[in-house]
Amino acid sequence: MKHFYLTTAIDYANGQPHMGHAYEKVLADVIARHRRLCGQPVYFLTGLDEHGQKVQQTAEKEGIEPQQLCDRVAGDFQKLCHSLHISHDDYIRTTEKRHKIVVQSVLQKLFEQDEIYLADYQGLYSPRLEQFLQEKDKVDGHWPEEFGEVIEISEKNYFFRLRRYYPWLVHYIKTHPDFIFPHFRAKQVLEFLKDEPNDLCISRPKKRLAWGIPLPFDEDYVTYVWFDALLNYLSAVGYGEEALGHYWPVDIQIIGKDILLPAHTIYWPCMLKALELEMPRTLLAHGWWLVSGSKMSKSTGQVVQPLDYVRLCGADAFRYFVMREMVIGQDCDFSHERFMARYNGDLGNDFGNLVHRLLHMLRRYCGSAIPRGNFSDADDQALRQHWQEILPRISEAYQHFAIHSALELLWEMLRLLNRFTELRSPWSLAKSSRDEDRKKLEATLATLAEGLRLVVNALQPVMPETSRIVLNALGLTSEANLHWDQSLRWSQGLEGRSVGDPSVLFPRVEG
RNA sequence: CGCAGGGUGGAGCAGUCUGGUAGCUCGUCAGGCUCAUAACCUGAAGGUCCCCGGUUCAAAUCCGGGCCCUGCACCCA
């Protein structure tokens, strides 16, 4: 059976993890966890892009070997994954042998197929910065000081015949509306493609850049970093081996909107086409996090690092926040106020407090066991009815990456559970000595427990840790193994289970 | 210039593709409850859905025009 294969972009080793990296991994993780719960075997890949000029330069600046730098940065990013509870199945680094072998075999194959040719590359070059320049690098029509002397040079390089696939690519994008998501991004790509792209220069002379994968057919050159990096999606799942069939084509590739063009919508499809491989099913381009809080931070002398919130409020709270706030594909603003509002309001008040008050009532009124629910009235029916209505919408939202709407629906349910609690007022029923009131009290708590179980199960992809804690508190230990549809059906399965003591899931954080 | 995205009660956002009494969260005001994390529940006030025009029985939504904000190919989620 083919795996559901999804990837994030691989992060570039020249820099520290930031909000965007964290978001992308969480998004991918939520999708991966959801698919697993739906019973699909999932292969979730992320990793690190380690070659190229920037890495070489940074390493030189620090006086260390590039590989040392990469090892350190890889550690930082893996730590990030760990602290966010990312459930990736593989972490690929482009300096690994398994990757280099694939890059070289792909290059050799394309070279033999005449997809790669040698030609003169002409351009403006700054020897001081050791890089090629573009007209747009000019400031007010002049080269900035730091470029030093700018000369026109010509050097031989290898090119990939991208233009060969230009007409095919345009047609493919036009006829595959699900290829690029959100759809409006496809329009942007087609706009870009109105001008025929040039063939892609895939080599760098070793005398200028040594930190890369050598071309198999010319030892004087290394591979251009994008060409190298994109192939990680193939090298991780056994390109050239039988195993590839268990993963390819890749189902979802999650990337930032900035690397959609030209890398993932031009280079990558053309490379795959030349290799006679199927296209990715969906390229999912997300937006950017803007941090407007920097002004506020300056005035208070505090620099707010978004990842500090993981430490402050926990991974699940961070995951909830980024999934709830970001509408897929659009940009979104991060601010302390918004984070705290979501944390204290949504998580603390609506959710955590509901769990707490329910467990407390179960302990106080029912000896910490979930009672039998053999009483039903209009309020109770309405609650079940509501769940029946939103359940397909929640599944649909997960399917279409609208995680924020899935969460919105779940919180709607949580509010209804809080309202139901008020309507039935178990604390009043508990004072009565009538049998009927006792039955009503028990049924109320049973209904609340079941409602909470359903919400928490549907919340698993976004908040795995919290879900586990709450399910355990409801006396369930193996619920995670249940199939998505099965676990989200209203049932009586909780009856008789002994529940945990009330604990505060999301302690209030002031400030 | 052009292209793409956005402009919805005090704040932040859904909704726009598939027209049908404008929805959510926060905030404000009033009330209720006391199981609970100064929490929860109820009610109220508050909107020319950027502007102009068109299509339609009906427009936040479709069409045309205009204004404003943000991005746009070294690298960057």
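(A) View of empty space enclosed by the protein. Taken as a whole and assessed by the stated rule, the structure comprises 3 cavities of 30 Å³ or more. Its volume calculated, the largest cavity comes out at about 120 Å³. For the largest cavity, the lining is made up of 16 residues, of which Ala 446, Thr 447, Glu 450, Ser 491 and Gln 492 are closest to its centre. Sorting the residues of the lining of the largest cavity by element identifies α14 (378-399) and α17 (435-459) as the ones contributing at least two each. The greatest single-element share of the lining of the largest cavity, amounting to 4 residues, is contributed by α17. Here the lining of the largest cavity is built from residues that sort into 7 nonpolar, 4 polar and 5 charged. Within this model, the second largest cavity holds a volume of roughly 40 Å³.

(B) Highlighting α17. Over its 25 residues, α17 extends 36 Å from the first C-alpha to the last, a length consistent with the 36 Å expected when each residue adds 1.5 Å. Among the 25 residues in α17, 19 count as buried, and that is most of the element.

(C) View of the pairing of strand β3 (residues 42-49). Most of β3 sits out of view: 8 of its 8 residues are buried. Where strand β1 (residues 4-8) meets β3, 4 bridges bridge the pair, whose relative direction is parallel. Looking across to β3, one finds that Phe 4 is bridged to Val 42. Pairing between strand β2 (residues 11-12) and β3: 2 bridges, direction parallel. Bridge pairing links Asp 11 to Leu 48 in β3.

(D) Structural detail: the packing of helix α5 (residues 166-175) against helix α9 (residues 260-274). In contact at an axis separation of 10 Å, α5 and α9 are set at 105 degrees when each is read in the N-to-C sense. Our classification of the angle between α5 and α9 gives roughly perpendicular. For the pair α5 and α9, contact is made by Trp 168, Leu 169 and Ile 173 and by Thr 265, Ile 266, Pro 269, Cys 270 and Lys 273, respectively. Taken together, the residues of the contact of α5 with α9 sort by class into 6 nonpolar, 1 polar and 1 charged.

Cut-offs applied
- Residues numbered from 1 in each chain as written.
- Chains lettered and ligands numbered in written order.
- Predicted model: local features only at pLDDT ≥ 70, side-chain atom pairs only at ≥ 80, totals over all residues.
- Heavy atoms only, no water.
- 1 Å grid on protein atoms, 1.4 Å probe; cavity = no way out; pocket = protein on both sides within 12 Å on 5 of 7 lines; lining within 4 Å.
- Points joined across faces, edges and corners; volume = space filled by probe spheres on them.
- Helix = DSSP H or I, 4+ residues; strand = E, 2+ residues; numbered from the N terminus.
- Nonpolar A, V, L, I, M, F, W, Y, C, P; charged D, E, K, R; others polar.
- Expected span 1.5 Å × (residues − 1).
- Buried < 20%, exposed > 50% of the residue type's maximum accessible area, 1.4 Å probe, protein only.
- Pairing = 2+ DSSP bridges.
- Axes fitted to C-alpha atoms, helices over the stretch in contact; angles between N-to-C directions.
- Parallel < 35°, antiparallel > 145°, perpendicular 65-115°, else oblique.
- Contact = heavy atoms within 4.5 Å.

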